[in-house]
Amino acid sequence: MTGFDMAVKIKGLHMKNPLIACSGTYGFGEIYRDYVPTSAWGGIALKTVTPKPRAGNPVPRLRETPAGLLNAIGLENPGLKAFRQSYLPAMDDMKTAVIVNISGFSVDDFKYMASSLDQETNIDALEVNISCPNIKHGGMQFGSDPESAAAVVRAVRENTYLPLIAKLSPNVTDITVIAKAAAGAGADAISLINTLVGMSIDIDTQKPFLGNTTGGLSGPAVRPVAVRMVYQTYKEVDVPIIGMGGITGWQDAVEFFLAGASAIGIGTANFGNPLAPVEIAQGIEAYALARGYSSLADLVGKAHSN
Amino acid sequence: MLSQEKILINRPMGPAHNSQGLFKLVLHGRVAEEAQPGQFVTVRTSPSSDPLLRRPLSIAGIDKKAGEITLYYRVKGQGTTLLARQPEGTYLSVLGPLGQGFSLPAVSPDPASRTANPAELILAAGGIGIFALYSLLEYLLKNHLTDRIPVTVLWGGLDKAFLDCATTDLLFQLPKNNVVLCTMDGSYGYEGLVTEPLEQLLSAGRKGRETMVAACGPNVMLQAVTELCQRFYVSSEICMEEYMACGLGACRGCVCRLKDETGGVKHGRVCLEGPVFTGEEVVWHDRI
Ligand SMILES: Cc1cc2nc3c(=O)[nH]c(=O)nc-3n(C[C@H](O)[C@H](O)[C@H](O)COP(=O)(O)OP(=O)(O)OC[C@H]3O[C@@H](n4cnc5c(N)ncnc54)[C@H](O)[C@@H]3O)c2cc1C
Ligand SMILES: Cc1cc2nc3c(=O)[nH]c(=O)nc-3n(C[C@H](O)[C@H](O)[C@H](O)COP(=O)(O)O)c2cc1C
């Protein structure tokens, strides 16, 4: 008996709790199973899949920074065909909501991905990645401009009945403009934020540290930026927000709910502490119970009413 | 596994006046049960999120009976500096054993088996690469395989002070002639790289013998070692290093290039498919 309802419903996406493993940090859900049951999560967002296989960027692909991590993986993935053959069948026994994260290099790519996956029965939602900073074309470009963001979201919307989450890039002047465009084009929810473009220079070699020169910053270093973007977006759009960026403890998660997130993503924190989802879920519940809340909805957006 | 391991020893290696920033760390817990030579662990050096990531360290010694693993590390930056301050008797969060280790000669070889033990083993190490090879050497000595298989260690370091400090008792258990030391500055042993004595060994009539080379060190050295081995038709296993985040295969940060079945190139994750790869499968040219 908990007395506190952790369940979250975003259109057809039903999750037992608001915790989602962030895309790209959790493989296809298979890796962490030895450490945490997948059922600890409300949902798992799989590594981005693109129409064709991608080899990704040159190494080094990672650079640790103060309370942060720069990555430039470059969307390495086996491509749609191999994903469906080798990984999708295993999603049957994930015991959590399976969110397939898709990306592409043209509006047609997104259309193709959406229509190909629409009929799959073991997928609970699609997350549309228009925010990857580590690829030359496509990716973040679609998320940097309201018209192209809307065009991609609309193309996916027209080709699937699955719940549709648009994952936005923080590397824009005004996040609310993009969020409104995505919601207007039919997104059921918005994920905020993908990584912030950054770079690091090796003072010994005097060259950029990452093989890709620039990378995406994640981890606690970006959290205040992410909280601000969730807060601003909550004011402007009506669809639920999935907040992410540097969440490592339950306090951070609560901060995102207060800013307006209906669910939260945990990415980089898994690397240091694979038990993060378990600890964070317990902390959220204890906080809510101590304050006499009966459901998560009581918390969402509370920072706006004061 | 994710384990809280008790720190039994966490002290500078070598003589007090010459620790070279090298530390010995002995941990007691469950990781030893499953640990294999060549595998590694990742340790959390701080309970806070700075530093954020775990630090990968090779398993250098395994005592399954006592439930102990030994790691050796060089204090480099923030993470290892914090690690060096962890008091003995406290607990450390350890993830592991991780990755694939070296293939091990069988203790009692099955005569019917087609995979015979190598006729001879050469362990080639550059710098602190010796730490990963200590676990293999320990296995060979503990199981008295060194009585049956000639084992030679080739180890190169910057200077004598480094070698003095990073050495352990294991090396003294081999016949003296089977340990070949090199220094870059000539302050001890051969002056130069380990690849020079390796080439001499391989060219001295070993061609075609069932010699096996196991190596760990900087990438340039590993590349030179595998190229030499291929030239002499000798098989090799190399223990690689790359920047990693999850250490489990999820993030695809630590990839290296491998030959695939069709003659093309594929990626291997150093943390999951490695850190030990065969010298034959690694593709060195044009880094990805
Ligand atoms: C499989 C594997 C086994 C290793 N075994 C040992 C060992 O037995 N003994 C030992 O002393 N060192 C070993 N290393 C290197 C060791 O992990 C780094 O020296 C250590 O992480 C440095 O952390 P730091 O915070 O002190 O240094 P910093 O330079 O401040 O670290 C910054 C970041 O870079 C990473 N990093 C720095 N150097 C390396 C490196 N050489 N390889 C990979 N990541 C690095 C760190 O993990 C951290 O994320 C191993 C590395 C790998 C990948
Ligand atoms: C190593 C790594 C790989 C990532 N790969 C992807 C990806 O493939 N697709 C995607 O939409 N986001 C990707 N991200 C971004 C995360 O999903 C998340 O939005 C971001 O890291 C912020 O959350 P965090 O600070 O909790 O990690 C990746 C992040 C990291 C650290």
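Residues numbered from 1 in each chain as written. Chains lettered and ligands numbered in written order. Predicted model: local features only at pLDDT ≥ 70, side-chain atom pairs only at ≥ 80, totals over all residues.

Caption draft 1: The overall build of chain A, seen in detail. If you tally the helices and strands in chain A, you get 10 helices and 16 strands. Relative to the compact-globule value of 19 Å for 306 residues, chain A shows a C-alpha radius of gyration of 18 Å, a close match. For chain A, the spread of C-alpha atoms along the three principal axes comes to 55 × 50 × 40 Å. Counting the 306 residues in chain A, one finds 58% classified as buried. Of the contacts made within chain A by residues no fewer than 6 positions apart, 72% connect residues no fewer than 24 positions apart. (Helix = DSSP H or I, 4+ residues; strand = E, 2+ residues; numbered from the N terminus. Rg over C-alpha atoms; globule rule 2.2 N^0.38 Å. Buried ≥ 20, exposed ≤ 12 C-beta atoms within 10 Å, placed from the backbone. Contact = placed C-beta atoms within 7 Å.)

Caption draft 2: Fine view of the environment of B:Gly264. All names here are of chain B. Within the secondary structure, Gly-264 sits in the loop between β14 (255-259) and β15 (265-269). Judged by the 9 C-beta atoms lying within 10 Å of it, Gly-264 falls in the exposed class. Spatially, the C-alpha atom of Gly-264 lies 10.0 Å from that of Val-283, the residues being 19 residues apart in sequence.

Caption draft 3: Highlighting the domain arrangement of chain B. Residues and elements named next belong to chain B. The assigned domain composition of chain B is domain 1 (2-98), domain 2 (120-239) and domain 3 (242-288). When each unit is reduced to the centre of its C-alpha atoms, the spacing between domain 2 and domain 3 is 23 Å. In this assembly, 10 residues from domain 2 lie in contact with 7 residues from domain 3. Looking at the side of domain 2 that touches domain 3, the elements with two or more residues in it are α7 (219-231) and β13 (235-239). Here the side of domain 2 that touches domain 3 is composed, by residue class, of 4 nonpolar, 5 polar and 1 charged. (Domains from an automatic or database assignment. Nonpolar A, V, L, I, M, F, W, Y, C, P; charged D, E, K, R; others polar.)

Caption draft 4: Expanded view of helix α7 (residues 250-259) of chain A. Residues and elements named next belong to chain A. Of all the 10 residues making up α7, 7 are buried; the element is thus mostly covered by neighbouring parts of the structure. Listed as buried for α7 are Asp-252, Ala-253, Glu-255, Phe-256, Phe-257, Leu-258 and Ala-259. Each element contacted by the buried residues of α7 is listed here: α6 (223-236), β15 (241-244), β16 (263-266), α9 (276-290) and α10 (302-305). At the exit of α7 stands Gly-260, carrying a positive phi of roughly 130°.

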